[in-house]
Amino acid sequence: MFGCTRTVTPTAFANILHPSSVRDLSIFQVNNPQTIVTQPCSISFVSLPSSSLHSDCFSVKAVASPRNMSSVDEESQHSSAYGKKQALISVSDKKDLALLGSGLQSLGYAIVSTGGTATALKNAGVSVTKVEQLTGFPEMLDGRVKTLHPNIHGGILAMRDQKHHMEALSKHGIGTFDVVVVNLYPFYDTVSSSEDVKFEDGIENIDIGGPAMIRAAAKNHKDVLIVVDSEDYHGVLEFLKANQDDHQYRRKLAWKAFQHVASYDAAVSEWLWKQTNGVEKFPPGRTIPLSLKSSLRYGENPHQQAAFYVDMSLAEVNSGGIATAIQHHGKEMSYNNYLDADAAWNCVSEFKNPTCVVVKHTNPCGVASRDDILEAYRLAVRADPVSAFGGIVAFNIEVDEEQLGSLGREIYCCFLTHNDSVSALKALAKEIREFRSPTDGETRMFYEIVIAPKYTAKGLEILRGKSKTLRILEASKNKKGKPSLRQVGGGWLAQDPDDLTPEDIQFNVVSEKTPQESELGDAEFAWLCAKHVKSNAIVIAKNNCMLGMGSGQPNRLESLRIAMKKAGDEVKGAALASDAFFPFAWKDAVEEACESGVSVIAEPGGSIRDKDAIDCCNKYGVSLLFTNVRHFRH
């Protein structure tokens, strides 16, 4: 059969898979393919020359002795004979197994199965032939070798429309399999269940026979239906019942099978790389398994199709983030929603004190930290209420009903220009849609998304009552240390995440003036905000509240001017943070900042004109702090 099963023999795989040398063995070899050993014999294996493993791989036919396996019923031994419909089932996850087995049996399929799967099917009243009754070999090497045999793989790989394939099966007494149902050892669950998983346990959960059967059946999907997902059982039974000849359906199942094995192998590869001593951070090769979470209406723009995938890498297990957030309410998430929600959540999660962040187009346009989260919310929106329109609001503490009620009154008072009675207001969740923009007092304010780590039941109920469209997300904090990946044309960039916080660095005073404790705190707050603003980034802050920010400008001076315009008169006595050094000081960004009245500037330093920046700050009596850490964000 074109050499499809040339190495699939128990002899070959026993030699490969046995963890130690085999001693005191009986050796046999039958060179005549027509010869069949009919007497019970004790079978063991030793290493044979590679030529023996290839040239004579079909020359061994034997029946294991009763000492090593259950007696072989002669009728069942030949139940796999050429021409009878057969299904091979070997699954680790036994969800809906009884339904599948009884369904196949009712459609006239003889079922062949292995170990625990066979037992489960028998307990469900399904007639089963054990795989060793077809192979003539017992399950061996602690289950490492079960189905790796020509009687199995020959029956899967034989092409029904190739006469010489079918003649080969008939010659060796091998029956065909029409349906193969396999899912794999729970390697992913095993190695991700705990940090203390033993290396040996991980190794023993690497499936060998399962992937081999899946790949074989998927390759020959024209003749063999391959099933790897219990969610497909109902559809497969309907397909078989209708006796359909749908090649696209078969190809889809085959694709799913190869994808299943590829994801499985990706997890094994990732895990083994981490187990390697002295391992480098970035491996020479990398496979990232992705699972489709949802098809999106469109991408960044309506003419672009889009979808959202969840990263199934082991590194992402229990690592938090927007991809695993729970959506409690609202319209389906869009492409831009995911980007903005990710930016808002990453930013708000950086702060230790109760904090609110408002994001628009992935940039934080308002950030405030207060012991009173209601005040933090008010201040975050006030920083740039125009940009807040249609934005994303994120909190880093639980949202409850009392906060919602008070918050509604606070924001209503902040936004409305007419004298409505505050006492008549309802909770935020019910009234937020009625808020008017301070620009004209008429335009309704709205938010796309609210994100928090937790909601009380009542708080969630109130928010759900706000409108049908508000998306309510519950997310867990991103775990530190996860690699950052970004696509460019024809490749990917990989880097460490920018996980540094003010506690991780030194704010070195390089000016004559030393900042007061409150000024240093403002500088640290502004620096942390600037980390999440697109470069070139300038943030002005005071009293743990963002007053203004400039983002995404090709030159730093323009970003500074935008930030100062938003901050207005409040810039006096405030802190200013820059994501990178200032290339010029005199008659440029540093001097303009000093002239505006800022009290302290935090920047990385590293320019050949750093002395100019220091001299300028000294002239105006402004504190200058060098962090030695750049925060570019592209």
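Residues numbered from 1 in each chain as written. Predicted model: local features only at pLDDT ≥ 70, side-chain atom pairs only at ≥ 80, totals over all residues. Heavy atoms only, no water.

Participant: For the overall build of the protein chain, give the residues involved together with the corresponding values.
Facilitator: If you tally the helices and strands in the protein chain, you get 23 helices and 21 strands. Relative to its full complement of 634 residues, the protein chain shows a buried share of 49%. Contacts in the protein chain between residues far apart in sequence, at least 24 positions, make up 63% of those at least 6 positions apart. (Helix = DSSP H or I, 4+ residues; strand = E, 2+ residues; numbered from the N terminus. Buried < 20%, exposed > 50% of the residue type's maximum accessible area, 1.4 Å probe, protein only. Contact = heavy atoms within 4.5 Å.)

Participant: Account for the nonpolar core, naming residues and giving values.
Facilitator: Note that soluble globular proteins tend to have their nonpolar side chains buried in a common cluster. Counting residues in hydrophobic clusters, the biggest one holds 51 residues, and the most contacted among them are Ile89, Leu104, Ile156, Val180 and Ile226. The element best represented in this core is helix 13 (residues 247-275), accounting for eight residues. Counting residues in each nonpolar core, the second largest holds 45 residues, with Phe308, Ala523, Phe525 and Leu625 among its members. (Core = buried A, V, L, I, M, F, W, Y, C linked by side-chain atoms within 4.5 Å.)

Participant: Any chance you could break down the sheet that holds strand 2 (residues 110-113) for me, citing the residues and the numbers?
Facilitator: Spatial strand order, 3-2-1-4-5: five strands in an open sheet with parallel pairing. Each edge of the sheet is formed by a strand with only one pairing partner; in this case those strands are strand 3 (129-130) and strand 5 (225-227). Note: strand 1 (residues 86-90) against strand 2, four bridges, orientation parallel. Bridge assignment links Gln86 to a residue of strand 2, and that residue is Ala110. Along the sheet, helix 5 (residues 115-123) makes contact with strand 1, strand 2 and strand 3, crossing strand 2 at roughly 140°. Relative to strand 5, helix 12 (residues 233-241) is tilted by about 165°, and along the sheet it contacts strand 4 (179-182) and strand 5. (Pairing = 2+ DSSP bridges. Axes fitted to C-alpha atoms, helices over the stretch in contact; angles between N-to-C directions.)

Participant: Quick rundown of the environment of Leu121? Include the residues and the values.
Facilitator: Note on placement: Leu121 falls in helix 5. For the pair Leu121 and Ala98, spaced 23 residues apart in sequence, the C-alpha to C-alpha distance is 6.1 Å. Apart from the residues lying within four places of it in its own chain, the contact partners of Leu121 are Ile89, Leu97, Gly101, Ile111, Ser113, Val126 and Val128.

Participant: Describe the environment of Gln133, and please don't skip the residues or the numbers.
Facilitator: Along the polypeptide, Gln133 turns up in helix 6 (residues 131-135). Gln133 sits in the buried class, given a relative accessible area of 11%. Linking Gln133 and Ser113, residues 20 residues apart in sequence, is a C-alpha distance of 10.0 Å.

Participant: An account of the packing of aromatic side chains is needed here, citing residue identities and associated values.
Facilitator: The geometry of an aromatic ring pair comes down to the distance between the two centres and the angle between the two planes. Taken as a whole and judged by the stated rule, the model has eight aromatic pairs. Pairing Phe199 with Trp271 gives two aromatic rings, centres 5.3 Å apart and planes at 15°, and the pair type is stacked. With Phe199 in helix 10 (residues 199-204) and Trp271 in helix 13, this pair connects stretches of sequence that are 72 residues apart. Judged by relative accessible area, which is 5%, Trp271 ranks as buried. Ring geometry for Phe351 against Phe525: centres 5.4 Å apart, planes inclined by 50°, an arrangement best described as tilted. (Phe/Tyr/Trp six-rings, centres within 6.5 Å; stacked < 30°, edge-to-face > 60°.)

Participant: Kindly report on the pattern of salt bridges, identifying the contributing residues and their values.
Facilitator: Pairing between side chains of opposite charge can happen when their charged atoms approach one another. On inspection of all chains with the given rule, the structure shows 20 salt bridges. The salt bridge partner of Lys222 is Asp161, with a shortest N-O separation of 3.2 Å. Highlighted residues: Lys222 in the loop between helix 11 (209-219) and strand 5 and Asp161 in the loop between helix 7 (150-157) and helix 8 (163-172), separated in sequence by 61 residues. Lys222 sits in the partly exposed class, given a relative accessible area of 36%. Close ionic contact of Lys531 with Glu350 constitutes a salt bridge, the shortest N to O distance being 2.3 Å. With Lys531 in the loop between helix 20 (517-530) and strand 17 (538-542) and Glu350 in the loop between helix 14 (335-348) and strand 9 (355-360), this pair connects stretches of sequence that are 181 residues apart. Taken as a pair, Lys531 and Glu350 share a single burial class, namely buried. A cluster of three or more residues bridged by salt bridges with shared partners is formed by Asp161, Lys222 and Asp223. (Salt bridge = Lys/Arg side-chain N within 4 Å of Asp/Glu carboxyl O.)

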